[in-house]
Amino acid sequence: MVKNRILTVFIVTMALSAQIMPVNAKSPKTGDFRFNADGKFKIIQVTDTHIKWDSPYSLETVEMLNQALDAEKPDIVIFTGDVVTGKPYQKGLELVTAPVIKRGIPWALVYGNHDDEQDLNRAQLSELIDKQPYFAGNMKKIKNVSGYGNYVIEIKGKTGKKPEALLYCMDSRTYSILKPTVDGYGWFAFDQVAWYRRMSEKYTAANGGDPLPALAFFHIPLLEYRQFDQHKGRKEGSKMEKECSPEINSGMFLSMLEKDDVMGTFVGHDHVNDYIFNYYGIALAYGRFSGSKTTYTQLKNGVRVIELTENERGFRTWIRLDYETTLGEVKFPDDLKPEEKNEK
């Protein structure tokens, strides 16, 4: 009886989702964002939804998103990979983005290691996603840069004259290309690191030599996330599994340190980690697992919220589980002190 009721709700929800999709919705471009009148800009990170469009469990994700969006009213939603893990991908994508689209909220997306394991490859997925209502990114492949969906979203000041903050969205790729010598997950290629450095230098030069405050969103955590256990400063959030980072370090974190613009990186991939800590002045953070029982999890699903303030180098962040419940709020960098230096 309960199973039949869930299935009925699922069918009705699918029908409603199809009706609320704006046919001619105009999508914002990557430069159309600006800080609000109160000087704030709010981001919701959704990660590892693992949507299977014909599974009633995926409705748990849809319902959570509806509550989170109504509670937070974000300026943009960013999906950080493993969005859909069932065929056909298009139906899963339409299901999980329906709560965002029906509210007219712009959204962006980066790939996880499972997105192209369904019925479409990355090139085909990119063509599909770029056409979606309110999609604010750019999934097209950049010449001589590895991966799909490496792009920058500009956030202009209240006056709209010039960018005041940046959101880097990057394809952290899938699995090691050096097996069996090097096992495990993929890493940023050197050409991607070079692309990030070029973008950072361009925006810094245009800003009179001062780096713009920036955040970076991708799926697979950097190797530096494994320093969590050795970190001596304050840490916030849960670690319930070993970080599934690549075994190779291709220099992205070092480049971010040198360019001095990225304040924090936000990833997914590891479903039962949702922590944040300060590593050499950069916040290394996980989103909150947003999926359901279509994959493994031990945490109640939710989203991570990040709030920027114009002309301020820092951010506030917290996890939202439903309309009423939040946890783990911190202000970066004030609440997360850098590591203590070891004295010999």
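Residues numbered from 1 in each chain as written. Predicted model: local features only at pLDDT ≥ 70, side-chain atom pairs only at ≥ 80, totals over all residues. Heavy atoms only, no water.

**Section: the overall build of the protein**
Within the protein, the secondary structure is distributed over six helices and 14 strands. Looking at the 344 residues of the protein, the share that counts as buried comes to 56%. For the protein, contacts bridging at least 24 residues in sequence account for 72% of all contacts bridging at least 6. For the protein, the exposed area adds up to about 15,000 Å²; of that, 51% sits on carbon and sulfur atoms. (Helix = DSSP H or I, 4+ residues; strand = E, 2+ residues; numbered from the N terminus. Buried < 20%, exposed > 50% of the residue type's maximum accessible area, 1.4 Å probe, protein only. Contact = heavy atoms within 4.5 Å. Areas by Shrake-Rupley, 256 points an atom, 1.4 Å probe, with all protein chains shown as cover.)

**Description of the environment of Ile177**
By the secondary structure assignment, Ile177 is in the loop between β6 (163-169) and α5 (190-206). Under the relative-accessibility criterion, Ile177 is labelled exposed at 60%. Sequence separation between Ile177 and Trp187 is ten residues; the distance between their C-alpha atoms is 9.2 Å.

**Here's the deal with the pairing of strand β7 (residues 214-217)**
Burial along β7 is two-sided: the residues Ala214 and Ala216 and Leu215 and Phe217 are all buried. Here four bridges tie β6 to β7, and the two strands are oriented parallel to one another. Note on β7: the bridge partner recorded for Cys169 is Phe217. Handedness of the crossover is the feature at issue here: the chain leaves β6, passes through α5, returns alongside β7, and the resulting connection is right-handed. (Pairing = 2+ DSSP bridges. Right-handed = clockwise from strand over helix to strand, strands pointing away.)

**Comments concerning empty space enclosed by the protein**
Applying the stated rule across the entire model yields three cavities of 30 Å³ or more. As a volume, the largest cavity reaches approximately 110 Å³. As for the largest cavity, its lining consists of 16 residues, of which Trp187, Phe188, Leu222, Leu223 and Pro246 are closest to the centre. Its boundaries defined by the atoms lining it, the second largest cavity holds a volume of some 40 Å³. Lining of the second largest cavity is provided by Phe35, Glu164, Ala165, Pro213, Leu308, Thr309, Glu310, Asn311, Glu312 and Gly314. Secondary-structure elements contributing two or more residues to the lining of the second largest cavity are β6 and β12 (303-309). In the lining of the second largest cavity, the residues fall into four nonpolar, three polar and three charged. (1 Å grid on protein atoms, 1.4 Å probe; cavity = no way out; pocket = protein on both sides within 12 Å on 5 of 7 lines; lining within 4 Å. Points joined across faces, edges and corners; volume = space filled by probe spheres on them. Nonpolar A, V, L, I, M, F, W, Y, C, P; charged D, E, K, R; others polar.)

**Points about unusual backbone geometry**
Residue Pro88 is bonded to the preceding Lys87 through a cis peptide linkage, with omega at -10 degrees. Residue placement: Pro88 occurs in the loop between β3 (76-80) and α3 (89-101). Note the cis peptide between Phe332 and Pro333, where omega equals 10 degrees. Looking at the element boundaries, Pro333 is found in the segment after β14 (326-332). Even without being a glycine, Arg173 presents a positive backbone phi close to 70 degrees. For Arg173, the location among the structural elements is in the loop between β6 and α5. At His269, a position not held by glycine, the phi torsion is positive, near 80 degrees. Relative to the helices and strands, His269 is located in the loop between β9 (262-267) and β10 (276-279). For His269, a relative accessible area of 6% gives the class buried.

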